[in-house]
Amino acid sequence: MDQIVQSYATSQKFMGSALVARDGRVLFSKGYGYANLEWNIANTPDTKFRLGSLTKQFTAASILLLEERHKLSVDDPVKKHVPDAPAAWDKITVRNLLTHTSGITNFTGFPEYRKLEPFPTTAGELVARFRDKPLDFQPGEKYSYSNSGFLLLGYIVEKITGESYEKFVTENLFQPLGMKDSGYDSNTKIIPRRAEGYSVSPNGYVHAGFIDMSVPHAAGALYSTTEDLLKWEQGLFGGKLLQPGSLQKMTMPFLNGYAFGLMVDTSGGHKRTSHGGAIEGFNTVLEYYPEDRLTVVVLENSAGATPPAADCISCRRPADRSNHSSVCSSHRRPS
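Calculation criteria
- Residues numbered from 1 in each chain as written.
- Predicted model: local features only at pLDDT ≥ 70, side-chain atom pairs only at ≥ 80, totals over all residues.
- Heavy atoms only, no water.
- Pairing = 2+ DSSP bridges.
- Helix = DSSP H or I, 4+ residues; strand = E, 2+ residues; numbered from the N terminus.
- Axes fitted to C-alpha atoms, helices over the stretch in contact; angles between N-to-C directions.
- Buried < 20%, exposed > 50% of the residue type's maximum accessible area, 1.4 Å probe, protein only.
- Contact = heavy atoms within 4.5 Å.
- Phe/Tyr/Trp six-rings, centres within 6.5 Å; stacked < 30°, edge-to-face > 60°.
- Lys NZ or Arg CZ within 6 Å of the ring centre and 35° of its normal.

(A) Structural context of the sheet that holds strand E10 (residues 263-267). Reading across from one edge, E2-E1-E13-E12-E11-E10 is the order of the six strands in this open sheet, with antiparallel pairing throughout. Of all the strands in the sheet, just strand E2 (25-32) and E10 have a single pairing partner and so form its edges. In this sheet, neighbouring strand axes are inclined to one another by 15 degrees on average, regardless of whether the strands run parallel or antiparallel. Both strand E1 (residues 16-22) and strand E13 (residues 294-300) contribute to a ladder of seven bridges, which runs antiparallel. From the neighbouring strand, arginine 22 faces E13, where its bridge partner is leucine 294.

The following block contains the structure:
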């Protein structure tokens, strides 16, 4: 395993950390390249990386915890929890948001998005950006990956609990599972052992573009380590967090192999639940093979350096080979 990853690191096609574990036993865990190139600080297994869309499974688990506590149902209309929602959302359910089948247009694809991403905002202000846009299709008709839906889920978590999304995931997900190196990323806080994000230019590595971490919110704002994500997989699939019925809902594909914040498919004949993420400076992948009890985590702080991927790490559609990206064209913004 080390030889395979090292070959990419040596040719400057990978910089980050990787972990493989089976039955809870770590088979391989190592950092490659640098968390900070200017100070030559190496990546290690406890380096913290922005997760991008790996955040979505934590948001989905938060919704299911609230359902277990009888605060909502995944089949509730969104308007039950967002009463001032537009009439076009009348038929949209929480389940539609979780499975990217709501028809709500993806706000990270708006022409003005790039100009707005450096500025702090709130979940309510973000919802206002897309709430009055026409639906792309009628709810439940088709699958279309939308960061707007998961941002709206985070907004619902905040409205129901009366506390921030950050506080909820910290107290209800990270702390119970002992994930001490995970949290909601911040542009101002001092976070020990956090990696700097880089992009690849024709002249080598450069600092990635700036994004205020209030913007990706429940769709992509969390950070973690490879070892903490192993704790997450062990807790989630080991029954330490959700009731069996909730976990079954979370891992049941709806359309296009997408369940609740997770892709569910097979690889080499082995069932797999997975998701990827792509946000300024970072690419991430977390995979779990339930029949083999095998976990694979790859966290990268050199977005664009990964060799051309066959499939997008977020939605399994063809990745963009033209710019050596591991994401498809719709995921070159926070995915």
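(B) Region of the structure containing the sheet that holds strand E8 (residues 204-207). Taken in spatial order, the three strands line up as E8-E7-E14 in an open sheet, and their pairing is mixed. A single partner strand is all that each edge strand has here, and the edge strands are E8 and strand E14 (302-303). As paired strands, strand E7 (residues 198-201) and E8 are joined by four bridges and run antiparallel to one another. Pairing of valine 200 across the sheet is with tyrosine 205, part of E8.

(C) Examining the environment of glycine 16 more closely. As for its position among the elements, glycine 16 is in strand E1. A relative accessible area of 0% means that glycine 16 is categorised as buried. Placed 54 residues apart in sequence, glycine 16 and histidine 70 show a C-alpha to C-alpha distance of 40 Å. Discounting chain neighbours no more than four positions away, the residues touching glycine 16 are Lys30, Gly31, Tyr32, Asn43, Phe49, Leu299, Glu300 and Asn301.

(D) Here's a closer look at the packing of aromatic side chains. Inspection of the entire model under this criterion finds twelve aromatic pairs. Grouping aromatic residues by their ring pairs yields a cluster made of Trp89, Phe107, Tyr113 and Phe130. Here lysine 56 stacks its cationic end above the ring of phenylalanine 150, 5.8 Å away from the centre of that ring.

(E) Structural context of unusual backbone geometry. Phi at glutamine 12 is positive, roughly 55 degrees, even though this residue is not glycine. Positive phi, close to 60 degrees, is recorded for histidine 100, a residue that is not glycine. The topology assignment puts histidine 100 in the loop between helix H3 (94-98) and helix H4 (113-116). The exposure class of histidine 100 is buried, given its relative accessible area of 2%.

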